[in-house]
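Spelled out from the first residue to the last, the chains are:
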Number of protein chains: 2
Amino acid sequence: MSKTPTPSGGFGPSIQALDPWTPSAGRMRQLLTDDERARLAVMSTIVRFKKGEIIYQEGDRADAVFNLNSGIVTTYSKAPRGREHVVAFLLADDLFGLSAEGLYTNSTRALTAVTAYRLPVAALRSRLTKDAELEFHIMCKLCQELRQARHHAFLLSQRSAVTKLAMFLQLFEQLQIAKGEPASEIHLPMDRSDIGEYTGITLAAVSRGFRTLTIRGIIKVRDRHHVRIVDRSGFEKITGDPPQSPTQLVEAGRN
Amino acid sequence: MSKTPTPSGGFGPSIQALDPWTPSAGRMRQLLTDDERARLAVMSTIVRFKKGEIIYQEGDRADAVFNLNSGIVTTYSKAPRGREHVVAFLLADDLFGLSAEGLYTNSTRALTAVTAYRLPVAALRSRLTKDAELEFHIMCKLCQELRQARHHAFLLSQRSAVTKLAMFLQLFEQLQIAKGEPASEIHLPMDRSDIGEYTGITLAAVSRGFRTLTIRGIIKVRDRHHVRIVDRSGFEKITGDPPQSPTQLVEAGRN
DNA sequence: CGGCCGGTTGAGTACAATCAATTCTGGTGG
DNA sequence: CCACCAGAATTGATTGTACTCAACCGGCCG
């Protein structure tokens, strides 16, 4: 039980997040005990989706919550003028199926082939109200999702397209680190238009953004889905994020 | 203490939200039982803040969570180039004090005079892991905050400044409705620059936005803090929000 | 009365959206 | 293996919107 090769490691639903209250150096940890995973496993079914398949749509009756096991999922919603807004990219060990008043608040689609645990809300709910420990762990995950949503909003509040793009790259880099994967190269499983819909800029602007970052010698694009940051300090100048050193923030007001 | 016009009614911490799983026609309800409120009350202290006072800052040790009793609070974070990004406006019955790895993830400031319950995390945490019922209610509130954060991101992803502004007005209108307050006129407690920092546009753009909406006959600005929507369909054309009455939502849920 | 703060308005500019043409890439079948 | 194709991505030219900077307004308070 010491070594966990896959992030999940073992069987049953799996949830990873940063603990809201104890330091962990940016690394996520498994929130569920083996016991809890087993208890969740008995109430869940495994579901599979093909690449591009829609898992549920906004407004559908929300009778299940999902725990992503493998693959990538996007949750999105319709925006005026036929555009789509990507709410989040879901990775392994994420939870999705948020609802309000009994209806899903977003649609979700499999970006790759996907396997997930499907947890009926009725069963989950009755389990939760009996098992405070488990519920606490799920609450931690919700806190994490909340932080991510707010980070997304922060990203979207930036004016410059390249800043948004850089922050997006930073997000995925941090995600890889948090998952314990090698982070020398950033893996972007989605395509350019998905990035555009997440960052709130057009496909064309995403492309131009990658180009300007490349020309400025800040990143190196190996292929569509792999980017490396070659000028870290230039990169941080754009994201405005000197890693965790508040003292430097004072000088950051330049340019 | 003078009178209790507060939607809370009664004593002790109070939490309102839309239930994620049961329909409620857009109205929030009190999530906590009197009993739970009493239990939370014993572990909490009442704190007061003057207008403009900072409640905590990003990076501070997060040893307490707050439950807003009266007044308005903003949570914000620093953006590049000395700008500030408003993460959320908190109203009565809201919960705040989100942390990651033991540190607050944002700063908060009292926008008006404020009273709040201060709940030490240690006590709260040990209470929660014993009381699944209470914890469930807090989880519901977290779901609500998550939805709001995502709505904020959605707002920020809009390209047009007037659209953002209209969606902002819509947000506060719905909030008033959810709280059971009269909604014929929208009350905006914050000033123009706060609106700008929330919607991701400049102070000047906010001003122009109000002007164009007024000129187009869509809204009527009584004073700095009071707006009325006079052309509903024109308004909805801008927000792109086909009037989703609760009844229609239910039908949308049927596959 | 004068200064200050929050807000409005104006002129010029920069940046990203748009529309459109072109290239690149990966996959398929001949 | 290559030719071909379709979709993804890049690039170009043009336009429009919102930012910037700055002047100005009006209420409020000393």
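Residues numbered from 1 in each chain as written. Chains lettered and ligands numbered in written order. Predicted model: local features only at pLDDT ≥ 70, side-chain atom pairs only at ≥ 80, totals over all residues. Heavy atoms only, no water.

Residues L40, I138 and M139 of chain A together with L40, I138 and M139 of chain B are the most contacted members of the largest nonpolar core, which totals 46 residues. The set of elements that each furnish at least two residues to this core consists of α1 (34-43), α2 (121-128) and α3 (132-156) of chain A together with α1 (34-43), α2 (121-128) and α3 (132-156) of chain B. Residues contacting L40 of chain A, with those up to four places away along its chain left out, are P13, L32, L119, L124 and L134 of chain A. Listed in part, the 35 residues of the second largest apolar core include L111, F154, L169 and Y198 of chain A. (Core = buried A, V, L, I, M, F, W, Y, C linked by side-chain atoms within 4.5 Å. Buried < 20%, exposed > 50% of the residue type's maximum accessible area, 1.4 Å probe, protein only. Helix = DSSP H or I, 4+ residues; strand = E, 2+ residues; numbered from the N terminus. Contact = heavy atoms within 4.5 Å.)

What follows is about unusual backbone geometry. Residues and elements named next belong to chain B. If you check the backbone angles, R81 has positive phi at about 65 degrees while not being a glycine. Its location among the elements puts R81 in the loop between β6 (73-78) and β7 (84-90). Given the relative accessible area of 67%, R81 is considered exposed. One non-glycine residue, D93, adopts positive backbone phi at about 75 degrees. With respect to the helices, strands and loops of the structure, D93 is situated in the loop between β7 and β8 (95-96). A relative accessible area of 1% means that D93 is categorised as buried.

Let us look at the relation of the copies chain A and chain B. Mapping chain A onto chain B is achieved by rotating through 180 degrees and translating by 0.0 Å along the same axis, at an RMSD of 0.0 Å. Here the copies are linked by what is in effect a two-fold axis. Both copies contact each other with a shared surface, as 93% of the interface residues of chain A are interface residues in chain B too. (Least-squares fit on C-alpha atoms with pLDDT ≥ 70 in both.)

Let us look at the protein's contact with DNA strand C. Around DNA strand C lies a shell of 21 residues, among which A161, T202, A205 and R208 of chain A together with R211 of chain B are the nearest. Near-protein atoms of DNA strand C (within 4 Å) split between backbone and bases, with sugar and phosphate holding 72%. At 2.9 Å, a side-chain N or O of R208 of chain A approaches a base oxygen of DNA strand C. S207 of chain B places a side-chain nitrogen or oxygen 3.0 Å from a phosphate oxygen of DNA strand C. Ranked by the residues each element gives to the surface near DNA strand C, the list is headed by helix α6 (residues 203-215) of chain B, at 5 residues. When the residues that make up the surface near DNA strand C are grouped by side-chain class, the tally is 6 nonpolar, 5 polar and 10 charged. (Near = heavy atom within 4 Å. Polar contact = N/O pair within 3.5 Å; in protein donor to acceptor, adjacent residues only side chain to side chain. Nonpolar A, V, L, I, M, F, W, Y, C, P; charged D, E, K, R; others polar.)

On the side of chain B, 59 residues touch chain A, which itself brings 59 residues to the contact. Both faces considered, chain A and chain B share a buried interface measuring about 5,400 Å² in area, 61% of it formed by carbon and sulfur atoms. Contact with chain B buries area across many residues of chain A, yet W21, E101 and R150 of chain A alone supply 14% of it, more than any other trio. Along the contact surface separating chain A from chain B lie 2 salt bridges. Its salt-bridge partner being E145 of chain B, residue R150 of chain A comes within 3.2 Å of it at the nearest N-O pair. Counting across the interface, chain A meets chain B through 14 residue pairs in polar contact (both at pLDDT 80 or more). At 16 residues, α3 of chain A tops the list of elements feeding residues into the side of chain A that touches chain B. Class assignment of the residues belonging to the side of chain A that touches chain B gives a composition of 27 nonpolar, 18 polar and 14 charged. (Buried area = accessible area lost by both parts, 1.4 Å probe. Salt bridge = Lys/Arg side-chain N within 4 Å of Asp/Glu carboxyl O.)

All names here are of chain B. The antiparallel open sheet is built from 4 strands, whose spatial order is β4-β11-β6-β7. Edge positions in the sheet fall to β4 (54-56) and β7, since each has one partner strand and no second. Each neighbouring strand pair of the sheet contributes to a mean axis angle of 30 degrees, computed without reference to strand direction. Pairing geometry for β4 and strand β11 (residues 107-110), over 2 bridges, is antiparallel. In the sheet register, Y56 faces β11, and the bridge partner there is T108. (Pairing = 2+ DSSP bridges. Axes fitted to C-alpha atoms, helices over the stretch in contact; angles between N-to-C directions.)

All names here are of chain B. Because side chains alternate across β11, one face comprises the buried residues S107 and R109, and the other comprises T108 and A110, equally buried. By the bridge criterion, 4 bridges tie β6 to β11 in an arrangement that is antiparallel. By the bridge assignment for β11, T74 is matched with R109.

Turning our attention to the protein's contact with DNA strand D. Around DNA strand D, a shell composed of 19 residues is seen, among which S207 and R211 of chain A together with A161, T202 and A205 of chain B lie nearest. By atom count, sugar and phosphate contribute 76% of the portion of DNA strand D lying within 4 Å of the protein. Interatomic distance of 3.1 Å between a side-chain N/O atom of R208 of chain A and a base oxygen of DNA strand D. Among the secondary structure elements, those contributing two or more residues to the surface near DNA strand D are α5 (192-199) and α6 (203-215) of chain A together with α6 of chain B. Sort the elements by how many residues they give to the surface near DNA strand D and α6 of chain A lands first, with 4 residues. Residue composition of the surface near DNA strand D, by class: 5 nonpolar, 5 polar and 9 charged.

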